[in-house]
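# A structural walkthrough
Here is how the chains run, residue by residue.
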Amino acid sequence: SHFLILTFPHSHISSFSHFLILTFPHSHISSFSHFLIFTFPHSHISSFSHFLILTFPHSHISSFIIMPFLLSTSYFAPIQYFAKLATADVVILEAYEHYPKQTYRNRCVIYGANGAQTLTVPVVRGDTLKIYTKDVRVDYSMNWQNNHLRAIESAYRCSPFYEYYIDDIEPLLKKKHTFLIDLNSEITSTFVQLIGVTINLQITNEYIKQISPDIIDLRNAIHPKPQTAAPDKMFVAPTYRQVFQPKLGFIKNLSIIDLLFNEGPETFKYLHDQ
């Protein structure tokens, strides 16, 4: 139910000439919970004709470290985003990029009575278009916090776990952070604790331009616009119960709010199975 991706320098694999694909009947792998996939740069495998896929029980790979993800900051991030947090040991949040508009950095999508509903955090327009994400200020000239709280209540008050979690979430929308990145960081940290995810969250101290092979760059991959988002074969988004699903159908990859209020303690398992 999880993927572990390792990469190796060419010098470490120069002695390999073939990869082996192993397949097992379903009954033979029912006890396995992780997959180990070896990937190599194309230039390094031009002479290879097979790939090696190994599977191991969880107990056999407890010492492996999954490659860190490099992500953007996000406001009540989507489920896909939290699936990365749940399956990595380290996640790095980009603070020194030039702030892009119309992304999950200042918005989330919940499931309202009429379908998908976007909640947007207004930000102060800077003097220049090239402002670092870390310097983006939240605009409190409008009463958006109460509007978001009312929208969340309207959407989820009938969900199974609304009463259980709302007291932890409501304070996040009553505190006035100066900077958007601080608001998002507190929200993300709170949800990590509520879900039970163990993760080392780090924030960049400069823009990471040259990406190390040891880091998976997803800064612009998780995006509210499908035509902009990058394909993510590791995120399946299976269905789960939603308040308005009987009326309007299932909507995938909504804000983590939707999953937590509907699945409660099962949220961690759902994320960890991605």
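Our structure's up above, just so we're on the same page.
For clarity, every value in this text was computed on a predicted model and none was experimentally measured. (Residues numbered from 1 in each chain as written. Predicted model: local features only at pLDDT ≥ 70, side-chain atom pairs only at ≥ 80, totals over all residues. Heavy atoms only, no water.)

All chains considered together, the criterion is met by nine salt bridges. The partner of D217 in a salt bridge is R219, and the shortest N-O contact between them spans 2.9 Å. Exposure remark for R219: the relative accessible area of 6% places this residue in the buried category. A salt bridge links K269 to D273, with the nearest nitrogen and oxygen atoms 3.0 Å apart. Relative accessible area serves as the criterion here: at 48%, K269 is assigned to the partly exposed category. Connected through shared salt-bridge partners, E94, D217 and R219 make up one network. (Salt bridge = Lys/Arg side-chain N within 4 Å of Asp/Glu carboxyl O. Buried < 20%, exposed > 50% of the residue type's maximum accessible area, 1.4 Å probe, protein only.)

Per the counting criterion, the structure on display carries 14 aromatic pairs. Plain terms: the ring middles of Y81 and F82 are 6.1 Å apart, the flat faces sit at 55 degrees to each other, and that makes the pair tilted. With respect to class, Y81 is no different from F82; both count as buried. Through successive ring pairs, a cluster of aromatic residues spans Y75, F76, Y81, F82, Y140, W144 and F191. (Phe/Tyr/Trp six-rings, centres within 6.5 Å; stacked < 30°, edge-to-face > 60°.)

Time to look at the side chain of S255. In this fold, S255 is placed in the loop between α6 (245-248) and α7 (256-263). The contacts of S255, once residues within four sequence positions are left out, are F76, A77, P78, I79, C108, V109 and I110. (Helix = DSSP H or I, 4+ residues; strand = E, 2+ residues; numbered from the N terminus. Contact = heavy atoms within 4.5 Å.)

This part takes up helix α2 (residues 79-87). Along α2, nine of the nine residues are buried, which leaves the element largely enclosed by surrounding structure. Taken as a whole, α2 has its buried residues at I79, Q80, Y81, F82, A83, K84, L85, A86 and T87. In this structure, the buried residues of α2 make contact with β4 (69-72), β5 (90-94), α5 (180-195), β8 (200-203), α7 and α8 (267-272).

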